[in-house]
Amino acid sequence: MAFDLVVVGAGPGGYVAAIRASQLGMKVAVVEKEHLGGICLNWGCIPTKALLKSAELYSSMKSANKFGLKAENIDFDFSAIIRRSRQIASRMSKGVAFLFKKNNIMTFVGSAKLIDAKTVAVVKDDEQIAELTGAKVLIATGARPRSIPGIEIDHQKIITSREAMSLENLPASLIVIGAGAIGVEFAYFYQTLGCQVALVEMLPHLLPVEDEEISQQLERSFKKQKVKIFTESLVKNVKVGADDVVVSIEKNGEIVELRAEMALMAIGVQGNVENIGLEDVGVKTERSFIPVDEFYRTNVESIYAIGDVVGPPWLAHVASAEGIRAVEKMAGKDVAAVNYDAIPGCTYCQPQIASIGLTEKAAAEKGFAVKIGRFPFVANGRSLAAGESEGMVKLIYDKKTEKLLGAHVIHAEATELIGELSVIKSLGVAGHDLINTVHAHPTLSESIMEAAAAAFGEAIHV
């Protein structure tokens, strides 16, 4: 069967690319071996946020008396929390199927294997069920959790995020190895529900890619929540017993043994490049990822790749943006490359963290003279009224141009606030233009305006 585009993988990169290609008049086929929507919709972004919302609501209900409300015998049904998450994931996947039908995209369920640079075989149950030819082929196979060398993930005692969001019973204790976004989100979820969590990170702070000042605030918050934190700690070994796991870490030159019911491996991902025929058709890979140019062309002219399989940042919205750019370029449109300096990142623990652009340290390393504005949410009326005054907005400006270099927010609603800052960063809005933009009162977004004012010595409420 002949197509203009064959997409391998239906995650947030692949399915978005397929729909945009169809809008541009291409005849499109998608090959997906599991569920439409990929990891994000089925085992990542969406179902984890459902779990986290349950944890947030449970925590709020336990604090009802702070709002003059009475709520007694607050409890939860762990299996029902998991079930709701799975139901939402299923609904989202069905939504992608609807969009495919609406856009006349053909779906083939099975594993893809490149036969040549323009031909993809679809294999199911060890039998080839279809052979698709495409003027262009787009690889969007995503990534999967990786482990520490020498430590095998058995999916029973040493688990990944996939098992962590579908356990039958709440573990009494959990060791989370890796304090990136996935690690801290699950640490928050399980600790809030009463599981004792130990969080282990090799680098000096939680969320090492975030601004250090923000990470330190999160650490203080997590310690209040009784999460045991072990930073600058190297995992040396994990031993699996009949009823527990023992994680041996090296901290300050000493070996410390941590014991828990389970260990969650959350140290990062590796690209899904195996068994799809890349090496057979000459597509280069490097350390499990596919190198591409600015419009996602591989070294083989007709083959493109997007999303997690091409490397960091491993974010669903980045994969979607890459997919759109790739197919628009294929269609001959004059498009700009994705601006990776203006990619928002979000972490959905409580308090949430969201950021875009440079950290304070990175700005200094690049030689910028900066102005930094901070505004604490304890000085924001809307935050106080909502009982969510923890955190701050931190804005980093180029002193010379007044352009925003970086924005960092820690707050219960940080991931919603980052939207305004993304527009400001992407459009190059100057500091005083933001200060002079009237923000509604009382709102959380006023804190963004106030932080900008603080950077230029003009803050009113702090």
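Since the model is a prediction, treat every value here as computed from it, not as a measurement. (Residues numbered from 1 in each chain as written. Predicted model: local features only at pLDDT ≥ 70, side-chain atom pairs only at ≥ 80, totals over all residues. Heavy atoms only, no water.)

Our next topic: the overall build of the protein chain. Check the secondary structure of the protein chain and you find 14 helices and 22 strands. Considered along the principal axes of its C-alpha atoms, the protein chain spans approximately 65 × 60 × 50 Å. Expressed as a percentage of its 462 residues, the buried residues of the protein chain come to 52%. Summarising the internal contacts of the protein chain: among those between residues at least 6 apart in sequence, 62% fall at separations of at least 24. Here the protein chain has roughly 21,700 Å² of accessible surface; of this, 50% comes from carbon and sulfur atoms. Charge separation in the protein chain, taken as the distance between the mean sites of 48 positive and 55 negative side-chain charges, equals 2 Å. (Helix = DSSP H or I, 4+ residues; strand = E, 2+ residues; numbered from the N terminus. Buried < 20%, exposed > 50% of the residue type's maximum accessible area, 1.4 Å probe, protein only. Contact = heavy atoms within 4.5 Å. Areas by Shrake-Rupley, 256 points an atom, 1.4 Å probe, with all protein chains shown as cover. Lys, Arg positive; Asp, Glu negative; His and termini not counted. Charge placed at Lys NZ, Arg CZ, Asp CG, Glu CD.)

Once that is clear, we can look at the sheet that holds strand E19 (residues 352-357). Ordered by their spatial adjacency, five strands build an open sheet running E18-E19-E22-E21-E20, and the pairing between neighbours is antiparallel. The open sheet has two edge strands, strand E18 (345-347) and strand E20 (370-376), and neither has a second partner. Strand-to-strand twist in this sheet, taken as the mean axis angle between neighbours without regard to direction, amounts to 10 degrees. In the sheet, strand E21 (residues 392-398) pairs with strand E22 (residues 404-411) via six bridges, with the strands oriented antiparallel. Residue pairing in the sheet places Val393 in a bridge with Val409 of E22. (Pairing = 2+ DSSP bridges. Axes fitted to C-alpha atoms, helices over the stretch in contact; angles between N-to-C directions.)

Spatial ordering of the open sheet is given by E12-E13-E14, a layout of three strands whose pairing is antiparallel. Both outer strands of the open sheet, strand E12 (233-240) and strand E14 (254-260), are each paired with one neighbouring strand and no more. Going across the sheet, the axis of each strand differs from the next one's by a mean of 25 degrees, ignoring polarity. Where E12 and strand E13 (residues 245-251) come together, seven bridges link them in antiparallel fashion. Directly across from Lys239, in E13, lies its bridge partner Val246.

Let's shift gears to the packing of helix H1 (residues 14-23) against helix H9 (residues 316-330). For the pair H1 and H9, the least separation of the axes is 8 Å and the interaxial angle reads 35 degrees. Every pair of crossing elements has a handedness; the one defined by H1 and H9 is right-handed. Across the interface between the two elements, Val16, Ala17, Arg20 and Ala21 from H1 touch Ser320, Gly323, Ile324, Val327 and Glu328 from H9. A breakdown of the residues in the contact of H1 with H9 according to their chemical character gives five nonpolar, two polar and two charged. (Left-handed = near helix turned anticlockwise from the far one by under 90°. Nonpolar A, V, L, I, M, F, W, Y, C, P; charged D, E, K, R; others polar.)

Moving on, we come to the side chain of Asp398. Take Asp398: it is sitting in strand E21. No salt bridge is formed by the buried Asp398; its nearest oppositely charged neighbour, Lys400, is found at 6.4 Å. At a separation of 2.9 Å, a polar atom in the side chain of Asp398 contacts the main-chain amide nitrogen of Lys400. Ignoring anything within four residues of it in the chain, the contact list for Asp398 reads Phe368, Ala369, Lys403 and Leu405. (Salt bridge = Lys/Arg side-chain N within 4 Å of Asp/Glu carboxyl O. Polar contact = N/O pair within 3.5 Å; in protein donor to acceptor, adjacent residues only side chain to side chain.)

Here we take up unusual backbone geometry. For the bond from Pro312 to Pro313, the omega torsion is 0 degrees, close enough to zero to count as cis. Within the secondary structure, Pro313 sits in the loop between strand E17 (303-305) and H9. In this structure, Pro351 follows Gln350 across a cis peptide bond, with omega equal to 0 degrees. Looking at the secondary structure, you find Pro351 in the loop between E18 and E19. Residue Asn73 is not a glycine yet carries a positive backbone phi of 55 degrees. In this structure, Asn73 sits in the loop between helix H3 (45-62) and helix H4 (78-102). Since its relative accessible area comes to 75%, Asn73 is described here as exposed. You will see that Asp125, though not glycine, has its phi angle at about 55 degrees, which is positive.

This part takes up the state of the cysteines. Using the criterion set out here, one finds one disulfide in the structure. Bridging Cys40 to Cys45, the disulfide has an S-S length of 2.3 Å. With the S-S bond torsion at -130 degrees, the cross-link from Cys40 to Cys45 turns out left-handed. The exposure class assigned to Cys45 is partly exposed, which follows from its relative accessible area of 28%. The structure places no disulfide on Cys195, whose sulfur is separated from the nearest cysteine sulfur, that of Cys349, by 16 Å. On the basis of relative accessible area, Cys195 is assigned to the buried category, the value being 0%. (Disulfide = S-S within 2.5 Å.)

Once that is clear, we can look at the nonpolar core. Formed by 38 residues in total, the largest nonpolar core has its most connected members in Val184, Phe189, Tyr190, Leu199, Leu206, Leu218 and Phe222. Contributions of two or more residues to this core are made by H3, H4, strand E9 (173-177), helix H6 (181-192), strand E10 (196-200), helix H7 (212-224) and strand E15 (262-265). For this core, the element with the most residues is H6, which contributes six residues. Apart from the residues within four sequence positions on either side, Val184 is in contact with Ala179, Leu199, Leu206, Leu207, Leu218, Phe222, Thr347 and Cys349. Within the second largest apolar cluster, 29 residues are counted, among which are Met26, Val96, Phe100 and Val318. (Core = buried A, V, L, I, M, F, W, Y, C linked by side-chain atoms within 4.5 Å.)

Under the definition given, this model contains seven aromatic pairs. Relative to Phe76, the ring of Tyr58 lies with its centre 5.1 Å away and its plane at 80 degrees, an arrangement referred to as edge-to-face. Of this pair, Tyr58 sits in helix H3 while Phe76 sits in the loop between H3 and H4, placing them 18 residues apart in sequence. Accessibility expressed as a relative area gives 12% for Tyr58, which makes it buried. (Phe/Tyr/Trp six-rings, centres within 6.5 Å; stacked < 30°, edge-to-face > 60°.)

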